[in-house]
Amino acid sequence: MRRNPKLLLATLLVFCAGLTACGGNPIAPVSSTGYNGLTGNWALAGERATNSFPLLSAVIFVNGTDVAALGNFMVPCSNAPSPLIGAVGGSMGLTGTLAADGTFTLTSLVLPVGPGYSPQITIKGSLPAAGSSTWNGTYSIIVTNSSSTCTANQSGSFTAQAIAPVSGTFAGTLPLVNGSSLSTASVSTHLVQGPASAPPGSSSTLTNAFPLSGTITIQGVSCFTHGTSIASFTNMIEGDHYGVEFAMDDGSTVLMTGWMTDFSGKQLKGVFGIIGGNCSGEFVDGTVTLQ
């Protein structure tokens, strides 16, 4: 089976919707010792590794008294027997204001997640201490659908967990799909997560995520070996999702996109899709591990 490279790109666009300052090369690394108060990348609820739903994670950015979040969610349909059978999710953007006592309420902007779907998301919390890796809050996720095929109404409390920066060399031997044939490829990618910051001259906190840059080596694909990340709006990490675009030594592009298997920054589940050149349409799919 050949995966459509345009579909891979569309997936990346969903993860980076609304961003104007994603990516770039080179970038400075972020500290691995924690975040400065609320500005950081947070796992709010759920975990993919354990199929714990709802999934809720986001980059949160504070600019004065303005607070915003960019991330993703997935919630089971209320009429589904299992979240693995029926669930809806996508990108989310939320904004709010920081009160004098350090509390905040974030409410969602209108970001359609599919035909007829309308999500309403609210996150409440309070500022953590500087350098803290946790803070407490509550969430509400309401999804309506014009055809009633999937609706959801969930709320609860959470303890936010700081998502470790994606930094270092990740490697693995993964399946390589070339048309109807299947082989393996050895992948090694060195990634560096940069700091979230407001773009020059902008007062909007919605244009911020943590950028990614790096290099990649893929052994087993006939067309190329090495690649370097290029300036692209796809190069970012946003909650537990990430994307990086590499220019390869044959002139083609590899789009690496996926999610963390947990929040430790030690494993990345990804698809490495090839666009352009003689190997266009081939892809590598699997998990790479921090070395």
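Predicted, not measured: the structure shown is a model, and the values here were computed from it.

(A) Broad picture of the state of the cysteines. Overall, the coordinates contain two disulfides when judged by the stated rule. The disulfide that involves Cys77 links it to Cys150, with 1.9 Å between the sulfurs. Across the disulfide from Cys77 to Cys150, rotation about the S-S bond amounts to roughly -100 degrees, and the bridge is consequently left-handed. Of the two residues, Cys77 is situated in the loop between strand S3 (66-76) and strand S4 (87-97) and Cys150 in the loop between strand S7 (134-145) and strand S8 (152-162); the sequence distance between them amounts to 73 residues. By relative accessible area, Cys77 is classed as buried at 9%. Here Cys150 falls in the buried class, since its relative accessible area comes to 1%. Put simply, Cys223 and Cys279 are joined by a disulfide, and their sulfur atoms are 1.9 Å apart. Here the S-S torsion is close to 85 degrees, and the disulfide linking Cys223 with Cys279 is therefore right-handed. On the criterion of sequence distance, the pair formed by Cys223 in the loop between strand S11 (210-219) and strand S12 (226-229) and Cys279 in the loop between strand S16 (267-275) and strand S17 (283-290) is long-range, its members being 56 residues apart.

(B) Structural view of the sheet that holds strand S6 (residues 117-126). Spatial strand order, S1-S2-S3-S4-S5-S6-S7-S8: eight strands in a closed barrel with antiparallel pairing. This sheet shows a mean twist of 25 degrees between the axes of neighbouring strands, independent of strand direction. Where strand S2 (residues 52-63) meets S3, nine bridges bridge the pair, whose relative direction is antiparallel. Looking at S3, one finds that Val59 is bridged to Leu70.

(C) Highlighting the pairing of S2. Sheet topology places strand S1 (residues 40-47) next to S2; six bridges connect them, and they run antiparallel. Each bridged residue has a counterpart across the sheet, and for Ala43 the counterpart in S2 is Ser57. Linking S1 back to S2 in an antiparallel pair, the connection comprises four residues, with Asn51 at a positive phi of about 50 degrees. Taking the residues between adjacent antiparallel strands as the criterion, S2 and S3 are bridged by two residues, where Gly64 takes a positive phi near 70 degrees.

(D) Fine view of the side chain of Thr257. In this structure, Thr257 sits in strand S15 (residues 253-260). The class of Thr257 is buried, set by a relative accessible area of 5%. A distance of 3.3 Å separates a polar atom in the side chain of Thr257 from the backbone oxygen of Tyr242.

(E) Molecular detail of the pattern of salt bridges. Taken as a whole and assessed by the stated rule, the structure comprises two salt bridges. Here Lys269 makes a salt bridge to Asp285, at a shortest N to O gap of 3.2 Å. Of this pair, Lys269 sits in strand S16 while Asp285 sits in strand S17, and the two are 16 residues apart along the sequence.

(F) Structural view of the packing of aromatic side chains. On inspection of all chains with the given rule, the structure shows three aromatic pairs. Ring plane angle 80 degrees and centroid distance 5.9 Å describe the contact between Trp42 and Trp135, whose orientation is recorded as edge-to-face. Within this pair, whereas Trp42 is found in strand S1, its partner Trp135 is found in strand S7, the two being separated by 93 residues in sequence. Summarising the burial analysis for this pair, Trp42 and Trp135 share the class buried. Where Trp135 meets Phe158, the ring centres are 5.5 Å apart and the plane angle is 80 degrees; that geometry is what we call edge-to-face. Pair noted here: Trp135 is in strand S7 and Phe158 is in strand S8, with a separation of 23 residues, a long-range link. Over the ring of Trp259 we find Arg48, and its NZ or CZ is 5.3 Å from the ring centre.

Scoring rules and cut-offs
- Residues numbered from 1 in each chain as written.
- Predicted model: local features only at pLDDT ≥ 70, side-chain atom pairs only at ≥ 80, totals over all residues.
- Heavy atoms only, no water.
- Disulfide = S-S within 2.5 Å.
- Helix = DSSP H or I, 4+ residues; strand = E, 2+ residues; numbered from the N terminus.
- Buried < 20%, exposed > 50% of the residue type's maximum accessible area, 1.4 Å probe, protein only.
- Pairing = 2+ DSSP bridges.
- Axes fitted to C-alpha atoms, helices over the stretch in contact; angles between N-to-C directions.
- Polar contact = N/O pair within 3.5 Å; in protein donor to acceptor, adjacent residues only side chain to side chain.
- Salt bridge = Lys/Arg side-chain N within 4 Å of Asp/Glu carboxyl O.
- Phe/Tyr/Trp six-rings, centres within 6.5 Å; stacked < 30°, edge-to-face > 60°.
- Lys NZ or Arg CZ within 6 Å of the ring centre and 35° of its normal.

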